[in-house]
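Structural description and commentary
The chain contents come next:
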Amino acid sequence: MAYKIIAEQCTGCGACEFECPSKAIKEKNGVFAINAEKCTECEGSFDTPQCASVCPVDDTCVPV
Ligand code: SF4
Ligand code: SF4
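In this text, all values refer to a predicted model and were calculated from it rather than measured experimentally.

Focus on the overall build of the protein
Looking only at helices and strands, the protein features 2 helices and 4 strands. When its helices and strands are written in sequence order, the protein yields β-α-β-β-α-β. Taken over C-alpha atoms, the radius of gyration comes to 10 Å for the protein, in line with the 11 Å a tight globule of 64 residues would show. Considering only C-alpha atoms, the protein reaches an extent of 30 × 20 × 20 Å along its principal axes. Residues classed as buried in the protein amount to 30% of the 64 residues present. Taken as a whole, the protein presents about 4,300 Å² of accessible surface, with 49% of it coming from carbon and sulfur.

Structure, rendered in structure tokens:
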């Protein structure tokens, strides 16, 4: 399982990229995306998915 970013709702603030313990979030041409193969859902690092926790826009980082 992995998380994904709803691109239409993402403001491009970049907060999630730095909080991801798996370095699964990358920005390309102003668009942030989660590499599903790298995303661990923060298991073993945090109790809750950090991208969803820090994202200022509700329901933008969601389970795939
Ligand atoms: S759920 Fe965790 S591991 Fe997956 S992209 Fe979000 S911060 Fe990174
Ligand atoms: S924290 Fe949310 S709004 Fe900011 S770049 Fe990540 S997905 Fe987009």
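Quick notes on the site of ligand 1
Lining the immediate environment of ligand 1, one finds Cys-20, Pro-21, Ser-22, Ile-25, Ile-34, Cys-39, Thr-40, Glu-41, Cys-42, Pro-49, Gln-50 and Cys-51. Grouping the amino acids of the shell around ligand 1 by side-chain chemistry returns 8 nonpolar, 3 polar and 1 charged.

A closer look at the nonpolar core
Judged by nonpolar contacts, the single largest core of 13 residues is most densely connected at Ile-5, Ile-25, Ile-34 and Cys-51. Of all the secondary structure elements, the ones that give two or more residues to this core are strand E1 (3-5) and strand E3 (31-34). Discounting residues that sit within four places of it in the chain, Cys-51 has contacts with Tyr-3, Cys-16, Ile-25, Ile-34 and Cys-61.

Overview of the site of ligand 2
The immediate surroundings of ligand 2 are formed by Ile-5, Cys-10, Thr-11, Gly-12, Cys-13, Gly-14, Cys-16, Phe-32, Cys-55, Pro-56, Thr-60 and Cys-61. Taken together, the residues that form the shell around ligand 2 break down as 8 nonpolar, 4 polar and no charged.

Quick look at the side chain of Thr-60
By the element assignment, Thr-60 lies in the loop between helix H2 (50-54) and strand E4 (61-63). When its relative accessible area of 1% is taken as the criterion, Thr-60 is described as buried. Not counting chain neighbours up to four residues away, the residues in contact with Thr-60 comprise Lys-4, Ile-5, Ile-6, Gln-9, Cys-10 and Cys-55.

Scoring rules and cut-offs
Residues numbered from 1 in each chain as written. Chains lettered and ligands numbered in written order. Predicted model: local features only at pLDDT ≥ 70, side-chain atom pairs only at ≥ 80, totals over all residues. Heavy atoms only, no water. Helix = DSSP H or I, 4+ residues; strand = E, 2+ residues; numbered from the N terminus. Rg over C-alpha atoms; globule rule 2.2 N^0.38 Å. Buried < 20%, exposed > 50% of the residue type's maximum accessible area, 1.4 Å probe, protein only. Areas by Shrake-Rupley, 256 points an atom, 1.4 Å probe, with all protein chains shown as cover. Near = heavy atom within 4 Å. Nonpolar A, V, L, I, M, F, W, Y, C, P; charged D, E, K, R; others polar. Core = buried A, V, L, I, M, F, W, Y, C linked by side-chain atoms within 4.5 Å. Contact = heavy atoms within 4.5 Å.

Function cannot be read off these values alone, since they describe shape.
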